[in-house]
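Here's the letter readout for the chains.
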Amino acid sequence: MARRPEHAAPPEIFYNDDEANKYSTNSRIIEIQVEMAERALELLALEEEECKLILDIGCGSGLSGSVLEDNDHVWIGVDIAASMLKVAVDREVSGDLLLTDMGQGMPFKPGTFDGAISISALQWLCNADKSSHNPHKRLYKFFSTLFSCLTRTARAVFQFYPENAEQIEMVTSQAMKAGFYGGLVVDYPNSTKAKKYFLVLMTGGAAPMPKALGTEEDEKRIRYIKKREMCREARGKPLKKSRDWILAKKERRRRQGQETRPDTKYTGRKRSGRF
Ligand SMILES: C[S@@+](CC[C@H](N)C(=O)[O-])C[C@H]1O[C@@H](n2cnc3c(N)ncnc32)[C@H](O)[C@@H]1O
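Here we summarise the structure given alongside this text. (Residues numbered from 1 in each chain as written. Predicted model: local features only at pLDDT ≥ 70, side-chain atom pairs only at ≥ 80, totals over all residues.)

1. Some thoughts on the overall build of the chain
In step 1: Summing up its helical and strand segments, the chain has 10 helices and seven strands in all.
In step 2: Relative to its full complement of 275 residues, the chain shows a buried share of 33%.
In step 3: If you take every contact in the chain between residues at least 6 apart in sequence, the share linking residues at least 24 apart comes to 66%. (Helix = DSSP H or I, 4+ residues; strand = E, 2+ residues; numbered from the N terminus. Buried ≥ 20, exposed ≤ 12 C-beta atoms within 10 Å, placed from the backbone. Contact = placed C-beta atoms within 7 Å.)

2. Describing the sheet that holds strand 2 (residues 74-79)
In step 1: With respect to topology, seven strands assemble into an open sheet ordered 3-2-1-4-5-7-6, the strand pairing being mixed. If you trace the sheet from one side to the other, it starts and ends with strand 3 (96-99) and strand 6 (181-187), each paired once. Pairs of neighbouring strands in the sheet enclose a mean axial angle of 15°, with direction left out of account.
In step 2: Bridge count between strand 2 and strand 3: four bridges; the pairing is parallel. For Ile-76, the partnering residue across the bridge sits in strand 3 and is Asp-96.
In step 3: Packed onto the sheet, helix 4 (residues 27-44) meets strand 4 (113-119), strand 5 (150-160), strand 6 and strand 7 (196-202) and runs at close to 145° relative to strand 4.
In step 4: The strands touched by helix 7 (residues 135-149) within the sheet are strand 4 and strand 5, with strand 5 carrying the most contacts at an inclination of about 140°. (Pairing = 2+ DSSP bridges. Axes fitted to C-alpha atoms, helices over the stretch in contact; angles between N-to-C directions.)

3. Details of the nonpolar core
In step 1: Counting 58 residues, the largest nonpolar core has Ala-40, Ala-116, Ile-117, Ala-156, Val-157 and Phe-198 as its most contacted members.
In step 2: When residues no more than four places from it in sequence are discounted, the contact partners of Ala-40 are Ile-117, Ile-119, Val-157, Gln-159 and Phe-198. (Core = buried A, V, L, I, M, F, W, Y, C linked by C-beta atoms within 7 Å.)

4. Side note on the site of the ligand
In step 1: If you check the shell around the ligand, you find 22 residues, and the closest are Gly-58, Gly-60, Ala-81, Ala-121 and Trp-124.
In step 2: Taken together, the elements giving at least two residues each to the shell around the ligand come down to helix 4, helix 5 (63-70) and strand 2.
In step 3: A per-class count over the shell around the ligand returns 14 nonpolar, six polar and two charged. (Near = placed C-beta within 6 Å. Nonpolar A, V, L, I, M, F, W, Y, C, P; charged D, E, K, R; others polar.)

5. Some thoughts on the environment of Ser-120
In step 1: Counting through the fold element by element, Ser-120 comes out in the loop between strand 4 and helix 7.
In step 2: For Ser-120, a count of 20 C-beta atoms within 10 Å translates into the label buried.
In step 3: The spatial distance from the C-alpha of Ser-120 to the C-alpha of Cys-59 is 9.2 Å, given a sequence separation of 61 residues.
In step 4: When near neighbours in sequence (up to four residues on either side) are disregarded, Ser-120 contacts Gln-33, Gln-159, Phe-160 and Tyr-161.

Rendered as structure tokens:
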């Protein structure tokens, strides 16, 4: 079995210039990270059509942030690896970037963010990289400061790779202790390859837990979504990510005075990667 990156070296060492460049130009990685960020955004359950301020925790080179950008949200990214952030700057991401260790807490004012996502980063906090590191304490510091910088109707969604049941228990118990409620959503639980863990945390309100994908219940949901999309199409609204949807979005951006690339015959074509 391949060695887990978080067992190889601390994140700021593991993600050096070489690794950061390899990571950010590998089309398979890009595709997977984008897909998981899209799912995390869906689980955030934000009101549609509204621009929100989102925190991307362990933002790396901005692959997850690009999904926030594409959905017209404003984002701020934090990461411990300078090389990853350097690639993000070179890619000219729209988010503001902050070099910081999430285990030391989120340094933002109370109620700053409408939501937070974190893709493939949380498992790093379950390891002690220094003798002074206590994963339970670092997780608590992280979750309690995150709770404070979110609004009282916000969610934080973490896709992560827990190593075992003890790590899941450690992470969720520290999150609950910090004031969050919610829990784990496991997509495609019966598939070794497609199985994905999303920790969905809520600060307030009484929203029910979202449903996982790839379960029997989900089959019904897919049928429902298809029906909803057909109704939407019938009402004359372009489907999300279609050429018409992209053209309409670009037009909106132009009206808002935002810099927007000109429309071409390639606008809205299917791409395999992000570059
Ligand atoms: C697999 S990358 C994912 C990057 C990005 N979210 C994406 O989807 O492409 C994991 C990121 O988590 C960051 N990370 C790990 N531990 C961290 C910590 N303690 N504080 C902040 N960032 C951390 C790493 O530096 C790395 O950039």
